[in-house]
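Coordinate analysis (summary)
Letter by letter, the chains look like this.
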Amino acid sequence: MSTAMTDRSYQLPPLGQNPSSTAQGTTPGSFALRPTLKPGRAGALTFASPDTPGMPAPSDKTAWDFMPADWILRSGYGTEPGQQSHEQAAAWQPPAGFQPITQLEFSRMGIVTSEMARVSEREPHLTPEQVRDEVAAGRMVIPANKVHLKHKLDPMAIGRASKTKINANMGASPVSSSTDEEVEKLKWAERWGADTVMDLSTGGDLDACRDAIVRNSTVPIGTVPIYSMIIGRKIEQLSPEIILESLKYQAAQGVDYFTIHAGVQREHLPFINKRLIGIVSRGGSLLAKWMLVHGKQNPMYDHWEAICDIMREYDVTFSIGDGLRPGGLADATDQAQLAELVTLGELTERAWRKGVQVMVEGPGHVPFDQIEFNMKLQRRLCHGAPFYVLGPLVTDIFPGYDHITSCIGATAAGYHGAAMLCYVTPKEHLGLPKKDDVKQGCIAYKIAAHAADVALGIPGSRDRDDELTKARAALNWQKHFDLSFDPDTARAYHDEDLDVDTDFCAMCGHDWCSVRISKEIVEFTSGKDEHYKWDKAKVTAALTPEQQEILAKRGVLSPEEIHRLAAKTKKVMTEEAADKASCHSDYVDAEVARKLQEKRGDLVELIVP
């Protein structure tokens, strides 16, 4: 009797490239689309995920299709022998006497600015000419107010051709914080990897706080100017004059990008009626009330061109706000959110015609299955303008842990097209984030952004992962920690259980350590990299105050245990001349070693034969 054989063959999809710039990794490579770094429409799918069936296709337009009427298209630039250019591309001739101000205008004229060159230095997978072409297409922005450039700003880029960026929100409120605290949080956010920072202050001296943040910041600073516009007045008193005056003031201070909620329109408001949580955007709710009181259209929308003129003067980038973003899963991808997104596409086109750089803001609270659609609908409606998303949060029932619920969504958003991820801290929905909340939010979002970059196959994005893997395989603990994003936490957690750097950790102990066993198998290359070879057990140094604090905040160790770790002496688990610690069963009786590995409180005792 014959039986059918099960077909167990498989074939990897013919996609992507190995994300490691040295192509030394062990995985087949990125399953993302092969990147095509080209000017104009041809570059629309640079570092993109394959589309699930039914997803909106990319727009067939870029910023090059929304030019001022008096600009003339001329022949390609950068095509002469010896010129360093990525591609032949068309460029534009402005009217006589025109002086470019914004990065978008310079790029349209074929000019590589010093800011574009700096972006290329920071993102080695891009040439200055590629940066120029992406800015010209509207797919990349360089938020760099001309005033802030005179202070400490280090130019950076936001766009799908560059690495995924993260933003940290902070700001004083009427009930908490101060200018000094906010500057401290700014430097802390920079320390933990924030690529931009938004000052969302609604209390205290807003102008002084903003000025201090701009002067002390090396990263671009964003604001939501409407918060300042209503200080000392009711929202009903807002006028076009107040709007333009406030924008001019903040632009002159050096703010790099403004969130303007111009997409919320009168005709969208009936769509809110059946939402579970209505409008959760502060700017969106304020403008909705203004429209209902006055019976008029959103003044930000009506005066968009005048706003653009102020933005252009200082090269302030738009972050066109999503005032109708969903505040709960039940409201995601509804008629209100998508109607506003259509308007954001229109506003993007109008800003480009005025020569102003644009990124677009997105949701919010979105179930995991809807994230790709949201990213790719924006890509189509806004012609590839960088998408800057909050989260998204993929569930609503974990207050206190929303940095985790949201970074899950943020990873998916980055893979499917978002260019910048706005962090969420453990205090989201609960209160104003403190210093440690800022750190936790930044780290969660660095994880999300880095995971997306690796998945997209951005060259060089996986190199550090591979190096850490080699250090881990060699059981070279110090190199392991040095390559980690947060060495202090890694070291503190390791030393909590075993304060000797040896060829195993406290998870398995010596005899059960798979990494140690693999390293010892002659046929395996694992753990034998020349740059990471190391097999001497070393007693670790006493924990630093920062590392002590990390353990204290865990709430696991007693004060006595932390003190013991912090004050280690030469009474250690090894003899002066020994190469290996006595917790190795290869060097002492196995039962003695096992007891040492299991005993938390006495790990630093000297074993005398």
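Coordinates for the structure precede this section.
So, here's what we can say about the structure. This is a predicted model, so every value here is computed, not measured.

**Topic: the overall build of the protein**
Looking only at helices and strands, one finds 21 helices and 14 strands in the protein. Per-residue burial for the protein yields a buried fraction of 53% across its 609 residues. Across the protein, every contact between residues at least 6 apart in sequence was considered, and the portion connecting residues at least 24 apart equals 71%. Only carbon and sulfur atoms are counted for the fraction: they give 55% of the accessible area of the protein, which is about 26,900 Å².

**What to know about a nonpolar patch on the surface**
There is a patch of nonpolar side chains on the surface, built from Phe368, Ile397, Phe398, Tyr401, Ile404 and Ile408 and spanning about 640 Å² of accessible area. Along the chain, the position of Tyr401 falls in the loop between strand S11 (387-390) and helix H13 (402-416).

**Some remarks on the sheet that holds strand S10 (residues 358-362)**
Strand pairing in a sheet takes place through backbone hydrogen bonds and is either antiparallel or parallel in direction. If you walk around this closed barrel you meet the eight strands as S5-S6-S7-S8-S9-S10-S11-S12, and the pairing is parallel. Sheet twist, expressed as the mean angle between neighbouring strand axes with direction ignored, is 25°.

**With respect to the pairing of strand S5 (residues 165-170)**
Across the six residues of S5, six count as buried, placing the element largely inside the fold. Burial along S5 is two-sided: Lys165, Asn167 and Asn169 and Ile166, Ala168 and Met170, pointing in opposite directions, are all buried. Note that S5 and strand S12 (residues 420-422) share three bridges and pair parallel. Note on S12: the bridge partner recorded for Ile166 is Leu421. Taken together, the four bridges between S5 and strand S6 (residues 196-199) define a ladder with parallel strand orientation. Bridge pairing links Met170 to Asp199 in S6.

**What to know about the pairing of S6**
Here S6 shows a buried face lined by Thr196 and Met198 and a second buried face lined by Val197 and Asp199. Across three bridges, the pairing between S6 and strand S7 (residues 221-223) is parallel. In the strand pairing of S7, Asp199 is matched with Thr223. Following the backbone out of S6, through helix H5 (residues 206-216) and into the adjacent parallel S7, one traces a crossover that is right-handed.

**Here's the deal with helix H12 (residues 371-381)**
Within H12, eight of the eleven residues are buried, which leaves it mostly tucked inside the rest of the structure. Burial in H12 covers these residues: Ile371, Glu372, Asn374, Met375, Lys376, Leu377, Gln378 and Arg379. At its buried positions, H12 is contacted by helix H11 (335-353), S10, S11 and H13. One or two positions beyond H12, positive phi appears at His383, with a value near 55°.

**Things to note about the packing of helix H17 (residues 487-497) against helix H19 (residues 545-554)**
The interhelical angle for the contact between H17 and H19, taken along N-to-C directions, is 65°, at an axis separation of 9 Å. As the angle between them shows, H17 and H19 are arranged roughly perpendicular. Judged by the twist between their axes, the crossing of H17 over H19 is right-handed. Facing Asp488, Thr489, Arg491, Ala492, Tyr493 and Glu496 of H17, the residues of H19 in contact are Glu546, Gln547, Ile550, Leu551 and Arg554.

**Some thoughts on helix H3 (residues 128-137)**
The buried fraction of H3 is high, at nine of ten residues. Every buried residue belonging to H3 is among Glu129, Gln130, Val131, Arg132, Asp133, Glu134, Val135, Ala136 and Ala137, and all of these are buried. With its phi angle positive at about 85°, Gly138 sits one or two positions after the end of H3.

**Structural notes on unusual backbone geometry**
Geometrically, the link from Pro363 to Gly364 is a cis peptide bond, its omega value of 15° lying close to zero. For the bond from Gly391 to Pro392, the omega torsion is 5°, close enough to zero to count as cis. With respect to the helices and strands, the residue Pro392 is situated in the loop between S11 and H13. At His383, a position not held by glycine, the phi torsion is positive, near 55°. By relative accessible area, His383 is classed as buried at 10%. Here the phi dihedral of His429 falls at roughly 75°; this positive angle occurs in a residue that is not glycine. With respect to the element layout, His429 can be found in the loop between S12 and helix H14 (435-456).

**Details of the nonpolar core**
One broad trend across soluble globular proteins is that nonpolar side chains are buried collectively. If you look at the biggest cluster of nonpolar residues, it comprises 99 residues, and the most contacted ones within it are Ile226 and Phe318. Considering each element in turn, this core owes the most residues, seven residues, to H14. With sequence-adjacent residues up to four places away left out, Phe318 is seen in contact with Phe258, Ile260, Trp304, Ile307, Cys308, Met311, Ala351, Val356, Gln357, Val358 and Met359. With 13 residues, the next largest nonpolar core counts Val119, Val131, Ala157 and Ala161 among its residues.

Thresholds, definitions, all that
- Residues numbered from 1 in each chain as written.
- Predicted model: local features only at pLDDT ≥ 70, side-chain atom pairs only at ≥ 80, totals over all residues.
- Heavy atoms only, no water.
- Helix = DSSP H or I, 4+ residues; strand = E, 2+ residues; numbered from the N terminus.
- Buried < 20%, exposed > 50% of the residue type's maximum accessible area, 1.4 Å probe, protein only.
- Contact = heavy atoms within 4.5 Å.
- Areas by Shrake-Rupley, 256 points an atom, 1.4 Å probe, with all protein chains shown as cover.
- Patch = residues over 30% accessible without salt bridge, like charges linked within 9 Å, V, L, I, M, F, W, Y side chains within 5 Å.
- Salt bridge = Lys/Arg side-chain N within 4 Å of Asp/Glu carboxyl O.
- Pairing = 2+ DSSP bridges.
- Axes fitted to C-alpha atoms, helices over the stretch in contact; angles between N-to-C directions.
- Right-handed = clockwise from strand over helix to strand, strands pointing away.
- Parallel < 35°, antiparallel > 145°, perpendicular 65-115°, else oblique.
- Left-handed = near helix turned anticlockwise from the far one by under 90°.
- Core = buried A, V, L, I, M, F, W, Y, C linked by side-chain atoms within 4.5 Å.

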